[in-house]
Amino acid sequence: MAFREMENDQDAPAATDSEPGVSSPAKPCSRPGVIAAAVYDHGRRIGDIEIKDAHTWRGRDKAVVWIGLHEPDKALLREVQVEFGLHDLAIEDANHAHQRPKLEIYGDSIFVVARTAHMAGAEIVFGETHLFVGRGYVVSVRHGPSTSYNLVRQRCEASPASLALGENYILYSILDFIVDNYMPVLEAIHAEVEDLEERLLRERLDKKDIERLYMLRRSLLRLRNAVVPLVDVCRRHEHLDLPGMDASLHAMFRDVTDHVRRVQEDIDTLREVLAFTFEASLMIGQSEQTEISRKLASWAAILAVPTAVAGIYGMNFEEMPELKLPYAYFIVLFFIFFVCGTLYRLFRRAKWL
């Protein structure tokens, strides 16, 4: 899926001097850490703005400032905090990645943490997104190699009627995008798991395959730890009257919750399949070892007969009556071959040979 485009302002309509608070010559994307900063009025894009001008739009009816940041420094976060009056604890969390997915309420604003995931080659790469949502603004802070939200912005701008629902619709769109991006990861892992299962049926898995099974299970566990907390985040949007929440958005967040739960079920299923594949590989290996042990034991029992007879005759006693018989040598050989043949037939009948 082509979700790797970086956010930019090239497709945005140029701001006019008649729009208050919008500085047309400014290009926020040229500033390090700022991917996009735009203002929307009644669902329609007005233009790009500087972060320092964001406060001029706060509180206006049906106006929303949407700012996208990627790994901002402390100074940039501090500037955003001053513009929107963000809580110190939320800013501290946004400055330090590796937070657990969660939703926290600070006065009339909410702070959401979500983990992103996408495939980089054969490995799952995790990122992190922090979302500040309040009356008239949305600030997204991305950490790590997470997928850009340019496509989310384009989809929202293509539907002004939906975007007019406000900042919580933007929050819904971003969360829905994050959850949808889990599916290509699961599809890639599912294809690899099926390949390992087919190989297991055709031939024994080698050490490298066993190590890959373990790595996939560990990656799925990390993905599960990123997905499961989102169930609670979305569920709280369904039932709580969060700041600025429109009742019509409850059904949308309920849909995201269903998607998250489906992803969780798929992860659990894949982990069970990997566990079964791993156990089946061990069982096949043990079965092969048991079969080899049976063959070795069977041949050892057969060879024990001539060994025992030869050992008796190798004791060099002077008085051994059978030595004086004219056909004693042939009789002993016949006895050895008869006993060995009988044992061979018995082991073959028992499928040990």
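Structure shown above.
So, how was this worked out
Residues numbered from 1 in each chain as written. Predicted model: local features only at pLDDT ≥ 70, side-chain atom pairs only at ≥ 80, totals over all residues. Heavy atoms only, no water. Pairing = 2+ DSSP bridges. Helix = DSSP H or I, 4+ residues; strand = E, 2+ residues; numbered from the N terminus. Axes fitted to C-alpha atoms, helices over the stretch in contact; angles between N-to-C directions. Buried < 20%, exposed > 50% of the residue type's maximum accessible area, 1.4 Å probe, protein only. Contact = heavy atoms within 4.5 Å.

Colleague: Where do I start with the sheet that holds strand β1 (residues 34-41) in this structure?
Modeller: Strands in a sheet are paired, the pairing made by backbone hydrogen bonds, and the direction either parallel or antiparallel. Spatially, β2-β1-β3-β7-β6-β5-β4 is the arrangement adopted by the 7 strands of the open sheet, whose pairing is mixed. Pairing within the sheet leaves two strands with one partner each, and these edge strands are β2 (44-48) and β4 (102-106). For this sheet, the mean angle separating the axes of adjacent strands, direction not counted, is 20 degrees. Where β1 and β2 come together, 4 bridges link them in antiparallel fashion.

Colleague: How should the side chain of His259 be read in this particular structure?
Modeller: When you line up the elements, His259 lands in helix α8 (residues 250-313). For His259, a relative accessible area of 17% corresponds to the buried category. Ignoring sequence-local partners within four residues, the contact set of His259 consists of Asp176, Val179 and Asp180.

Colleague: Would you mind going over the pairing of β4 with me for this structure?
Modeller: Remember that side chains alternate between the two faces of the sheet whenever the strand is regular. In this sheet, strand β5 (residues 109-120) lies alongside β4 in antiparallel orientation, the contact comprising 5 bridges. Each residue of the ladder has a partner; that of Leu103, found in β5, is Val112. Count of turn residues in the β4/β5 antiparallel hairpin: 2 residues, of which Gly107 carries a positive phi of about 65 degrees.

Colleague: What is the right way to read the pairing of β1 from this model?
Modeller: The buried count for β1 comes to 7 of 8 residues, which makes it a mostly enclosed element. Two strands pair when backbone bridges link them, and β1 and strand β3 (residues 63-70) are joined in this way by 7 bridges, in the antiparallel orientation. If you follow Val34 over to β3, its bridge partner there is Leu69. Following β1, the chain reverses through 2 residues before pairing antiparallel with β2; His42 in that reversal takes a positive phi of roughly 55 degrees.

Taken by themselves, the reported measurements are silent on function.
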